[in-house]
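Single-letter residue listing:
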Amino acid sequence: MMKKEKKIIEQQLPRLENLHINETGGQVESITDNGISTTTELGQEQYVQCVLGAFRGKIYYQYDYRDMDNELFSTLAETLEECRKRRNEWLNKKNQKL
């Protein structure tokens, strides 16, 4: 990566910390309130891109999904696709128990 590209990315990282997206693609303030998920509607998903210093400034997705039984699934992954893959695996495993 060239120095100029790295500088541009570093300038964008702090802005990503506050980017919260809901299932319709609309921006929301946060997916938690005092550490409690704001994902309260059945079938709702919310996610946020965040930069975690503990992982050397790498960008991750914090993801919450409330299933139709009102159980909350939460995960942290490098891509939204990986979050959804984990959610689907969780749902499949849960449905197999029924």
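Look a little higher up for the structure.
Below, the structure is looked at part by part. Bear in mind the structure is a predicted one, so any value in this text is a computation, not a measurement.

**Details of the overall build of the protein**
Within the protein, the regular secondary structure consists of 2 helices and 6 strands. Counting helices and strands in the order they occur from the N terminus, the protein gives α-β-β-β-β-β-β-α. Out of the 98 residues belonging to the protein, those deemed buried represent 32%. Of the contacts formed within the protein by residues at least 6 apart in sequence, a portion of 34% connects residues at least 24 apart. For the protein, the accessible area works out to roughly 7100 Å², and carbon and sulfur atoms hold 48% of it.

**Digging into the environment of Gln62**
Within the fold, Gln62 resides in strand β5 (residues 58-66). Among the residues examined, Gln62 registers a relative accessible area of 29% and is labelled partly exposed. Expressed as a C-alpha distance, the spacing of Gln62 and Thr79, which sit 17 residues apart in the sequence, is 9.4 Å. Setting aside chain neighbours within four positions, we find Gln62 in contact with Ile31, Thr32, Gln46, Tyr47, Val48, Cys50, Thr75 and Leu76.

**Let's talk about the packing of aromatic side chains**
Counted by the stated rule, this structure contains 2 aromatic pairs. In this structure, Arg87 packs its charged tip against the face of Tyr65, placed 5.2 Å from the ring centre.

**Side note on the state of the cysteines**
One pass over the full model with this rule turns up 0 disulfides. The closest cysteine sulfur to the non-disulfide-bonded Cys50 is located on Cys83, 9.2 Å from its own sulfur. Accessibility expressed as a relative area gives 11% for Cys50, which makes it buried.

**Observations regarding unusual backbone geometry**
Even without being glycine, Asn70 reaches a positive phi, approximately 70 degrees. Following the sequence through the fold, Asn70 ends up in the loop between β5 and β6 (72-77). With a relative accessible area of 44%, Asn70 lands in the partly exposed category.

Cut-off values and rules
Residues numbered from 1 in each chain as written. Predicted model: local features only at pLDDT ≥ 70, side-chain atom pairs only at ≥ 80, totals over all residues. Heavy atoms only, no water. Helix = DSSP H or I, 4+ residues; strand = E, 2+ residues; numbered from the N terminus. Buried < 20%, exposed > 50% of the residue type's maximum accessible area, 1.4 Å probe, protein only. Contact = heavy atoms within 4.5 Å. Areas by Shrake-Rupley, 256 points an atom, 1.4 Å probe, with all protein chains shown as cover. Phe/Tyr/Trp six-rings, centres within 6.5 Å; stacked < 30°, edge-to-face > 60°. Lys NZ or Arg CZ within 6 Å of the ring centre and 35° of its normal. Disulfide = S-S within 2.5 Å.

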